[in-house]
Amino acid sequence: NVIENICILGATGSIGTNTLDVIKRHPDKYQVFALTAHRNLEQLKLQCIEFQPRYAVLPDAELAQELESFIQYKGLQVEVLHGVHSLDFVASHDEVDTVMAAIVGAAGLLPTLAAAQAGKRVLLANKEALVMSGAIFMDAVNKHGATLLPIDSEHNAIFQCLPEHFVEQGIENCGIHNIVLTGSGGPFLKKDLADFAAITPDEACAHPNWDMGRKISVDSATMMNKGLELIEACWLFDVKPEQIEVVLHPQSIIHSMVRYNDGSVLAQMGNPDMRTPIAHALAFPERISAGVAPLDFMEISKLTFDRPSKERYPCLALASEAMKQGGNSPARLNAANEVAVQSFLDEKIGFTQIAEVIQHTLTSTEYAEALTLDSVLSADKEARRSAQDFVAQLTNHSS
Ligand code: NDP
Ligand code: MG
C-alpha cells in the first residue's frame, strides 16, 4: 500500500482547501508533497503547520521570505520556493504522483501543462488553462501519457456517466447521442432584467448552491462559467459544441448527464459539494469517503429543468461561438472575460458590461489558428490589453 504524493496548485483557494479536507481523511493513502499559493500567506502558514509539505511555493519573493522566517521560527521541515518557475518545478517533480490544478485563470496554464508534460495524474479544476490551450494541452496529455481527470463537477459527472472505453473508441462509437451540461443559472435566474445593471459584486458572488472563489462565482452569475465548461467538455470528451445541450437545473443535484442512442439518459447526482468530484478523481477507479452528507430525496422533493435565456446570459452564446470559430478565439474570450470580471469586482464596470467587454475584445483582436503555446500566450496578452483599453473607455464615459 504505497502512499501517493500530492501537489496542490492553488492550495489556499476554495478547491485547494476542499482537496486538503478530503486528503486529511485518508492519511494512509495520500500525503501532501507541495502546496502553492499567491497572496494568502496566513492560510498557507496554517496549511504548512497542519500538512508539513516538502515544498511551499509563492510566486512573490517577499511573501516567500516572510513564509521562510515563519517556517524557521516554527522549526518545520518545509522548503520555501518562489518565482513562477517554482510552480512548474513542483508540478513536474519526480516524486509527485498527482497534481491538483486549482489555480484560478490563465496563471495556472504553465504549471498545469508542466504536470501534463511530466506524465502526471492531473486533476483539472483550472478550466481556463484548458479553454486557452485546448489542443496543445490535450496533445501534451496524450504524448506524455498523463492521466487527466476532471474536477469540475459537471465534467466529473459526465466522466462518471461515460463507458470506460470512450477514450479509445470516441463518443460516437459508444452509442452516445449527446451530452447534457446542467447549470443552476446562478443567483440571477429570476431577477428582473431591468435591474441587472445595478448588480453589485457581493450580490454576484452569493451563489445559491455553491461556495466558490469570487472569479468563478461571477462567471456563474453571467453563465460564462457554463460557456467555459462547454469548451472544456469539447476538449475533454472530444465532442463538438453541437453535441452539447445546456440545461438549466436550479437545484444543482444532477451535475450533468449523458444521453445514449437507445433512449437511456445517465445522470450523476449528489449534494453540491466539491469534495465529491475531488474524492472521485483522487481515488479513481476506486471510491473513498469525502465527508459529504448523503443526498436526502425527501428533502429535495423536486428537480426542475429549463432553457437558458439568451437575453439573460449573453456570455453563453459568446463562448459557444468562440469554440465554433476555434483557433485562438477561446483564448481571447477567456482573457477578455478575466479582465472584465476583475474590472467588475473592482467596481470599474457594471454587471451587464462584462459581456460588452468580451464581445468588443473578440471583434477588435485578431483571429489566428493558434497552434503553438507562444501564439496562445500572445493572443492572451493582446486580448487583455484590448479589454483593458475598452474598460478604460467605459470608465471614462461613466465618470
Ligand atoms: P479561488 O479564488 O478560491 O482560489 C484560487 C487559488 O489560486 C488560490 O490558491 C490563489 O492563491 C491561487 N492564485 C490566484 N492567482 C494566482 C496567480 N496569479 N498565481 C498563482 N496562484 C494564484 O478559486 P477556486 O478554488 O474557486 O477556483 C480554482 C479553479 O477551479 C478555477 O479555475 C475555477 O474555475 C475552478 N473550479 C472551481 C470550483 C469551485 O467550486 N470553487 C468548481 C469548479 C471549477 P491565494 O488565495 O493565496 O491568493
Ligand atoms: Mg462546474
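Residues numbered from 1 in each chain as written. Chains lettered and ligands numbered in written order. Predicted model: local features only at pLDDT ≥ 70, side-chain atom pairs only at ≥ 80, totals over all residues.

Per an unreviewed UniProt entry, the protein goes by 1-deoxy-D-xylulose 5-phosphate reductoisomerase and derives from Kangiella taiwanensis. The record in UniProt for the protein states the following under Catalytic activity (unreviewed entry): "2-C-methyl-D-erythritol 4-phosphate + NADP(+) = 1-deoxy-D-xylulose 5-phosphate + NADPH + H(+)". Heading Sequence similarities (unreviewed entry) of the UniProt record for the protein holds this comment: "Belongs to the DXR family." (UniProt positions renumbered as here; feature names shortened; annotations may be inferred.)

What to know about the pairing of strand S10 (residues 254-260)
Walk down a regular strand and you will see the side chains alternate between the two sheet faces. As paired strands, strand S8 (residues 176-183) and S10 are joined by four bridges and run antiparallel to one another. When the sheet's bridge partners are listed, Ile 176 is paired in S10 with Tyr 260. Pairing of S10 with strand S11 (residues 265-269), which is carried by five bridges, proceeds in the antiparallel orientation. Note on S11: the bridge partner recorded for Met 257 is Ala 267. Counted along the chain from S10 to the antiparallel partner S11, the turn is four residues long, and its residue Gly 263 has a positive phi close to 100 degrees. (Pairing = 2+ DSSP bridges. Helix = DSSP H or I, 4+ residues; strand = E, 2+ residues; numbered from the N terminus.)

Re helix H7 (residues 153-161)
Among the nine residues of H7, eight are classified as buried, and the element is accordingly described as predominantly covered. Regarding H7, the residues found buried are Ser 153, Glu 154, His 155, Asn 156, Ala 157, Ile 158, Phe 159 and Cys 161. Where the residues of H7 are buried, they touch strand S7 (147-150), S8, helix H11 (224-237), S10, S11 and helix H12 (275-283). (Buried ≥ 20, exposed ≤ 12 C-beta atoms within 10 Å, placed from the backbone. Contact = placed C-beta atoms within 7 Å.)

Regarding the environment of Pro 250
Checked against the element boundaries, Pro 250 lands in the loop between strand S9 (244-248) and S10. Overall, Pro 250 belongs to the partly exposed group, with 18 C-beta atoms counted inside 10 Å. The sequence separation of Pro 250 and Glu 356 amounts to 106 residues, and the corresponding C-alpha distance is 26 Å. Excluding residues within four positions of it along the chain, Pro 250 makes contact with Ser 184, Gly 185, Leu 189 and Thr 304.

Remarks on the UniProt feature "domain: 1-deoxy-D-xylulose 5-phosphate reductoisomerase N-terminal" (unreviewed entry) in the protein
Those residues carrying the UniProt feature "domain: 1-deoxy-D-xylulose 5-phosphate reductoisomerase N-terminal" (unreviewed entry) are residues 6-134 in this numbering. Taken end to end, residues 6-134 is 47% helix and 21% strand, and its first and last C-alpha atoms sit 25 Å apart.

As for the pairing of strand S5 (residues 98-101)
Residues of S5 alternate between two faces, with Thr 98 and Met 100 on one and Val 99 and Ala 101 on the opposite face, all of them buried. Relative to S5, strand S1 (residues 4-9) runs parallel, the two being bridged by four bridges. In the strand pairing of S5, Cys 7 is matched with Val 99. With four bridges joining them, S5 and strand S6 (residues 121-124) adopt parallel strand pairing. Counterpart to Ala 101 in the pairing with S6 is Leu 124. Where the polypeptide runs from S5 across helix H5 (residues 109-117) and back to S6, its parallel neighbour, the crossover connection is right-handed. (Right-handed = clockwise from strand over helix to strand, strands pointing away.)

As for the environment of Glu 299
Here Glu 299 lies in helix H13 (residues 297-300). Sequence separation of Glu 299 and Leu 282 is 17 residues, and the distance between their C-alpha atoms is 29 Å.

Thoughts on the site of ligand 1
Taken together, 27 residues lie around ligand 1, and Gly 10, Gly 13, Asn 40, Met 212 and Gly 213 are the ones closest in. Examining the composition of the shell around ligand 1, we find that three residues originate from one element, helix H1 (residues 14-23), more than from any other. Partitioning the shell around ligand 1 into residue classes produces 13 nonpolar, nine polar and five charged. (Near = placed C-beta within 6 Å. Nonpolar A, V, L, I, M, F, W, Y, C, P; charged D, E, K, R; others polar.)

Some thoughts on the sheet that holds strand S2 (residues 30-36)
The seven strands lie next to each other as S4-S3-S2-S1-S5-S6-S7, forming an open sheet whose pairing is parallel. Of all strands in the sheet, those with a lone pairing partner are strand S4 (79-82) and S7, marking the two edges. Between one strand axis and the next, the sheet turns through 25 degrees on average, direction left out of account. Packed on one face of the sheet, helix H2 (residues 41-51) meets S2 and strand S3 (55-58) and runs near 155 degrees to S2. (Axes fitted to C-alpha atoms, helices over the stretch in contact; angles between N-to-C directions.)

Section: unusual backbone geometry
Note: most peptide bonds trans; most residues except glycine with negative phi. That bond from Phe 284 to Pro 285 is cis: its omega, 5 degrees, falls within 30 degrees of zero. Checked against the element boundaries, Pro 285 lands in the loop between H12 and H13. A positive phi angle is found at Met 223, which is not glycine, with a value near 65 degrees. Within the element layout of this structure, Met 223 appears in the loop between helix H10 (214-222) and H11. Non-glycine residue Ser 301 carries a positive phi angle of around 60 degrees. Note that Ser 301 resides in the loop between H13 and helix H14 (314-325).

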